[in-house]
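Topology and contacts: notes
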Amino acid sequence: MYTILKDGINYSLEALEKDSWLRLLNGSIKYKDALHNPAVANVNQHGVNIRTVVLRKVKPVEKQLAFHTDIRSGKWNDLLQQNNISWLFYDAQARIQIRLSGTAALHQDDGIAEEAWAASTMSNRKIYLGKTGPSVISLLPVSGLPAAFETNDPTQEETLPARKNFGVVVTTVTWMEWLWLNSKGHRRARFKYINDGSFSADWVIP
Ligand SMILES: Cc1cc2nc3c(=O)[nH]c(=O)nc-3n(C[C@H](O)[C@H](O)[C@H](O)COP(=O)(O)O)c2cc1C
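A few points on the structure. Everything numeric in this text was worked out from a predicted model, so none of it was measured.

Turning next to the nonpolar core. Counting 29 residues, the largest nonpolar core has Leu65, Ile98 and Val169 as the members making the most contacts within it. Contributions of two or more residues to this core are made by helix 1 (13-29), strand 6 (64-70), strand 7 (84-91), strand 8 (96-107), strand 9 (166-180) and strand 10 (187-193). Broken down by element, the residue count for this core peaks at six residues, all from strand 9. Dropping the residues within four chain positions of it, Ile98 is found in contact with Ser20, Leu24, Phe89, Met176 and Trp178.

Here the focus is the site of the ligand. Around the ligand sit 14 residues, and of these Arg51, Val53, Thr69, Ser73 and Lys75 come closest. For the shell around the ligand, the elements supplying multiple residues, two or more each, are strand 4 (47-52), strand 6 and helix 2 (74-81). Classifying every residue of the shell around the ligand by side-chain character gives four nonpolar, eight polar and two charged.

As paired strands, strand 3 (residues 39-44) and strand 4 are joined by six bridges and run antiparallel to one another. Pairing of Val40 across the sheet is with Arg51, part of strand 4. Hairpin connection from strand 3 to strand 4: two residues lie between these consecutive antiparallel strands. Alignment of strand 3 against strand 7, held across four bridges, turns out to be antiparallel. Among the inter-strand pairings, Ala41 is bridged to a residue of strand 7, identified as Ser86.

The phi dihedral of Arg95 is positive, around 60°, even though this residue is not glycine. Considering the arrangement of structural elements, one finds Arg95 in the loop between strand 7 and strand 8. In this structure, Ser135 is a non-glycine residue whose phi angle is positive, near 80°. For Ser135, the location among the structural elements is in the loop between helix 4 (122-126) and helix 5 (148-151). For Ser135, a count of 11 C-beta atoms within 10 Å corresponds to the exposed category.

Our next topic: the pairing of strand 11 (residues 199-204). Burial analysis of strand 11 places just zero of its six residues in the buried class, a small minority of the element. Strand direction decides the pairing type here: strand 10 and strand 11, joined by six bridges, are antiparallel. Residue Phe191 lies in a different strand from strand 11, and its bridge partner there is Ala201. Two successive antiparallel strands, strand 10 and strand 11, enclose a turn made up of five residues, where Gly197 displays a positive phi of approximately 90°.

This brings us to the environment of Arg23. Checked against the element boundaries, Arg23 lands in helix 1. For Arg23, a count of 19 C-beta atoms within 10 Å corresponds to the partly exposed category. Between the C-alpha atoms of Arg23 and Asn42, which are 19 residues apart in sequence, the distance is 23 Å.

Definitions and cut-offs
Residues numbered from 1 in each chain as written. Predicted model: local features only at pLDDT ≥ 70, side-chain atom pairs only at ≥ 80, totals over all residues. Core = buried A, V, L, I, M, F, W, Y, C linked by C-beta atoms within 7 Å. Buried ≥ 20, exposed ≤ 12 C-beta atoms within 10 Å, placed from the backbone. Helix = DSSP H or I, 4+ residues; strand = E, 2+ residues; numbered from the N terminus. Contact = placed C-beta atoms within 7 Å. Near = placed C-beta within 6 Å. Nonpolar A, V, L, I, M, F, W, Y, C, P; charged D, E, K, R; others polar. Pairing = 2+ DSSP bridges.

As structure tokens, this is what we get:
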């Protein structure tokens, strides 16, 4: 089995795969982590669209990643039509890029959305309180939020009308690629997932 020496540790492809998911898990938990704000891309009838999100949840065994969004947003509607999705992470300090792609499942009125909503802070819930959904043209440069909530967070009860706008996008990953930048030559590995979380892995030329 071929391994690479990184930070004093010998990594096999299997160990790298595990390490990558651990990094992703950390990114979902620690808001200052380099992997906390990835870019997520999808396609619609106009082409490719990409934006920054907050990495909210990672399930390493299930090979799943999740972000939260407004169900009135462009991406929600696009993903309903075409659920191919791609994620991009870069940790500049570790010099590691992780790319993942898979299929998105949209959760709005089920246990997954309910659990995520229950765990959301009032300031996170507040962004779903706008009467008009995201991307609607506005005469004035406004936030779309009720004025009172621009300065103060709503109470739990005041967030109730926002629940209907809140959704969770869960990606089940089918492909992951790891790239490590190194002055002695970069290294790259690719992982393809089969249904039950098992995978095939290859080293590839960077
Ligand atoms: C640091 C950062 C984090 C963001 N997190 C999210 C997020 O978790 N969910 C989300 O829908 N939009 C998030 N946004 C806003 C999106 O990048 C995007 O502007 C918005 O969702 C509209 O995208 P759409 O028109 O493709 O739907 C974030 C933006 C930044 C800069």
